[in-house]
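Read off the chains here:
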Amino acid sequence: MKEIKGDYMINKLGWKIGGEQGEGLESTAEIFSTAINTLGYYMYSTRDFASRIKGGHSNSKICISEEKINVIDYKTDILIAFDQATLDNYIAELDEHSIIIVDEKIKPVFSEEIKSIIAIFPITDLAKEISNPIIKNIITLGICSALLNIEDKIFYEMIETKFSNKGEEIVNTNIQAFDKGCEIMTTFMNENNIGNKYYLKELKPKEQKNMWLVGNHAAGFGALVAGCRLYSGYPITPATEIMEYLFDKLPIVKGAYVQTEDEIAALGVAIGANFAGVRAMTATSGPGISLMTEFLGMGVMAEQPVVIVDVQRGGPSSGLPTKTEQSDIFHAVYGGTGDASRIVLAPISVEDCFYIMIDAFNMAEKYQTPVIVLMDLQLGMNKETVPNFDFSKVKIDRGQLLKQEDITEEDIIYFKRYATDVLVSDRTIPGQKGGIHNANSYEHSIVGLPSEVKRNTMRQKEKRSNKIENALLDKPFVLHEYNDEKDILLVGVNATYGVLNKAAKQLKEQGMKIDTMQIRQIYPVAQEIRDTFDKYRKIYIVEHNHNKQLRTVIASKYHNSHKLGSLLKYDGDIYYTHQLIEQILEEEK
């Protein structure tokens, strides 16, 4: 950072940029956040965009902190406006200490409610003078660099990296645009006596750089490390980034990628690969997992391992493709015909997206069944600062998958693939001598031949159900105890993790005794979860859906279900701390 005078520097910041979709806002946010990451700050981000390629209002918000952060603060300190909607929609997030940077091109109209500092610059016109309108994003980065006192060199290096393949002239043009942004903001700050009000505190260099990562990429990397060597899928927001990541990375580990004609085929291919002994997966969202329902049932019936990631979005049907929701819980747990119990996991953070994929592949093979990993859009598509992954925690468990030498001579004619005297039977793959058996979607005998014998039917159903009820993670939830006395417990999944903990801490200052639990395994419901619930007077299940889906699943297994309350948000937006606090206070009147 540049040398400054004075001791006042900030160590926490809410930065937001808004405008028409397709204007390059995401690119601006990406370069800006990458620069902040090099400074050693922690970040947590969210995006709001329309479900179209171009047009419609969109925004990106990045919360920056010297300390670890996993929640979006409502307050915005720096707002960059490239359309009028940005000025109109986020007034409540601003105060007199905020600064608004506006492109003169939009001919801004300001509400009398706005008390913030306003800086209007001819950003688009300057971009046209230098090159073309798209370069306004680089001018904007220069403005932010000057405002926050970020070293020019950091951005120069990023510009060089990003544009070097396009030639020296393009690199120099972008550096010129960046310098122009620095110049106009420096002039504005001097003329308005802003001084170092927005200067970011310089942090001590860390021994190890953190990663700045989206949950989808963390999940994709986790799958690779877990041994996944085949991905089959069909593009769908907000899960496509997993597909794109594995399309790029699977060839490096000699894996295979198959883009199928639809989601039905995607799951069929993944199940087939697992049947052949290859760890395989697919990823989708609500409409896709609806199509996969029949193959989910087959996976349960044929006791075939497979991992399905469902990055939830607003529903039903096409619903709200680019908005967050947690409304596929019913489908994940109960969806399908017959008694088709399955394991449902739910990571609590971007970092946990990596580790839970290891668990998912291990559990799928250990219990020979489909495992669904539920994420929400906020967790899947938005970025969080995470430490480097600890590979010493990675253990591979392939369950009862037999090697050739493990198959006994007596099994050569027909292998007892579906033996019912154990919860999990031995498993072979095609081509193993002595391992021949039938695998299909019909109820079957212990060797896989179609069977309608009543006693066999009952025993097979009981086996499939009982093994799932006993399939538990070592750590099915994360509990934060902020009080010695147990009174209220807030329970959530996925991206509610940060907001639950922040609300509990703030309400403790008001004398309320609140702990939090973030569930990592939705089904089966762990006995330890139920035992923990017994300690509290009231349990509030916090979730992003209207039908209280998480509460319903838990209540079906909890004898004191009258203690369970619901706090809901289903407008497509993330939870903010003040909103959750207001709901809790209203319930506790």
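Please refer to the structure placed before this passage.
Quantities reported herein were computed from a predicted structural model and do not represent experimental measurements.

**Some points on the overall build of the protein chain**
Piece 1. Summing up its helical and strand segments, the protein chain has 19 helices and 20 strands in all.
Piece 2. Against the compact-globule benchmark of 25 Å for 589 residues, the protein chain has a radius of gyration of 27 Å, which places it among compact chains.
Piece 3. Out of the 589 residues belonging to the protein chain, those deemed buried represent 57%.
Piece 4. Taking the contacts inside the protein chain whose residues are at least 6 apart along the sequence as the reference set, 74% of them involve residues at least 24 apart.

**Some words on the packing of aromatic side chains**
Piece 1. Under the counting rule described, the total for this entry stands at 16 aromatic pairs.
Piece 2. Taken together, a centroid distance of 5.1 Å and an interplanar angle of 35° make the contact between Phe155 and Phe178 tilted. Of the two residues, Phe155 is situated in helix H5 (residues 152-163) and Phe178 in helix H6 (residues 168-191); the sequence distance between them amounts to 23 residues.
Piece 3. When the centroid spacing of 5.4 Å and the interplanar angle of 85° are considered together, the rings of Phe533 and Tyr558 count as edge-to-face. Taken as a pair, Phe533 in helix H17 (residues 527-533) and Tyr558 in the loop between helix H18 (549-555) and strand E20 (564-568) lie far apart in primary sequence, 25 residues in all.
Piece 4. You can call Phe533 buried: its relative accessible area is 0%.
Piece 5. Using a relative accessible area of 3% as the deciding quantity, one classes Tyr558 as buried.
Piece 6. Connected via pairs of aromatic rings, a cluster forms that spans Phe221, Phe354, Tyr355, Phe389 and Phe391.
Piece 7. Its guanidinium or amino end placed over the ring of Phe163, Lys162 lies 5.9 Å from that ring's centre, counting from NZ or CZ.

**Considering the layout of surface pockets**
Piece 1. What the largest pocket holds in volume is close to 610 Å³.
Piece 2. In terms of lining, the largest pocket is formed by 22 residues, of which the most central are Tyr355, Asp359, Leu473, Asp474 and Arg520.
Piece 3. For the lining of the largest pocket, the residue count by class is 10 nonpolar, 2 polar and 10 charged.

**Things to note about helix H13 (residues 350-366)**
For an α-helix the count is 3.6 residues per turn, leaving residues at separations of three or four pointing the same way.
Piece 1. Here H13 contains 17 residues, and its C-alpha end-to-end distance of 25 Å stays within 8% of the 24 Å for a straight helix at 1.5 Å per residue.
Piece 2. H13 sits mainly inside the fold: 14 of its 17 residues count as buried.
Piece 3. Within two residues after H13, Gln368 carries a phi angle of roughly 50°, on the positive side.

**A few points about the packing of helix H7 (residues 215-225) against H13**
Piece 1. With their axes 7 Å apart at the nearest point, H7 and H13 run at an angle of 35° to one another. Crossing handedness for the pair H7 and H13: right-handed. Contacts from Gly215, Ala218, Ala219, Phe221, Gly222, Ala223 and Val225 of H7 reach H13 at Val350, Cys353, Phe354, Met357, Ile358 and Phe361.
Piece 2. Looking at the contact of H7 with H13, its residues break down into 11 nonpolar, 2 polar and no charged.

**Description of the nonpolar core**
Piece 1. Met281, Ile522, Phe533 and Leu580 are the most contacted members of the largest nonpolar core, which has 110 residues in total.
Piece 2. For this core, the element with the most residues is H13, which contributes 11 residues.

**Notes on the pattern of salt bridges**
Any two side chains of opposite charge can pair, given that their charged atoms come close.
Piece 1. Here the structure, examined in full by the defined rule, presents 29 salt bridges.
Piece 2. The partner of Asp248 in a salt bridge is Lys249, with the nearest N and O atoms 3.5 Å apart.
Piece 3. The exposure class assigned to Asp248 is partly exposed, which follows from its relative accessible area of 47%.
Piece 4. One salt bridge connects Arg398 with Glu365, and the closest N-O pair in it is separated by 2.7 Å. With a gap of 33 residues between them, Arg398 in the loop between strand E14 (383-386) and helix H15 (454-469) and Glu365 in helix H13 connect regions that are remote in the sequence.
Piece 5. A residue is classified by how much of its surface remains accessible, and Arg398, at 30% relative accessible area, is partly exposed.
Piece 6. Salt bridges sharing partners connect three or more residues here, namely Arg279, Glu365, Arg398 and Arg427.

**A word on the sheet that holds strand E15 (residues 477-480)**
Piece 1. With mixed pairing, 5 strands are arranged side by side in an open sheet as E15-E17-E16-E19-E20. Edge positions in the sheet fall to E15 and E20, since each has one partner strand and no second. Neighbour-to-neighbour, the strand axes of this sheet turn through a mean angle of 25°, independent of strand direction.
Piece 2. For strand E16 (residues 488-492) and strand E17 (residues 514-519), the ladder comprises 5 bridges, and the chain directions are parallel. By the bridge assignment, Val491 is partnered in E17 with Met517.

**What to know about empty space enclosed by the protein**
Piece 1. Within this structure, the stated rule accounts for 3 cavities of 30 Å³ or more.
Piece 2. Tyr44, Gln378, Ala495, Ile574 and Tyr575 are the residues nearest the centre of the largest cavity, which is lined by 13 residues in total.
Piece 3. In terms of residue class, the lining of the largest cavity is built from 7 nonpolar, 5 polar and 1 charged.
Piece 4. By volume, the second largest cavity amounts to about 50 Å³.
Piece 5. If you trace the second largest cavity, you find it lined by Asn37, Gly40, Tyr41, Lys206, Gln208, Lys209 and Asn210.
Piece 6. Per-class residue counts for the lining of the second largest cavity are 1 nonpolar, 4 polar and 2 charged.

Cut-offs applied
- Residues numbered from 1 in each chain as written.
- Predicted model: local features only at pLDDT ≥ 70, side-chain atom pairs only at ≥ 80, totals over all residues.
- Heavy atoms only, no water.
- Helix = DSSP H or I, 4+ residues; strand = E, 2+ residues; numbered from the N terminus.
- Rg over C-alpha atoms; globule rule 2.2 N^0.38 Å.
- Buried < 20%, exposed > 50% of the residue type's maximum accessible area, 1.4 Å probe, protein only.
- Contact = heavy atoms within 4.5 Å.
- Phe/Tyr/Trp six-rings, centres within 6.5 Å; stacked < 30°, edge-to-face > 60°.
- Lys NZ or Arg CZ within 6 Å of the ring centre and 35° of its normal.
- 1 Å grid on protein atoms, 1.4 Å probe; cavity = no way out; pocket = protein on both sides within 12 Å on 5 of 7 lines; lining within 4 Å.
- Points joined across faces, edges and corners; volume = space filled by probe spheres on them.
- Nonpolar A, V, L, I, M, F, W, Y, C, P; charged D, E, K, R; others polar.
- Expected span 1.5 Å × (residues − 1).
- Axes fitted to C-alpha atoms, helices over the stretch in contact; angles between N-to-C directions.
- Left-handed = near helix turned anticlockwise from the far one by under 90°.
- Core = buried A, V, L, I, M, F, W, Y, C linked by side-chain atoms within 4.5 Å.
- Salt bridge = Lys/Arg side-chain N within 4 Å of Asp/Glu carboxyl O.
- Pairing = 2+ DSSP bridges.

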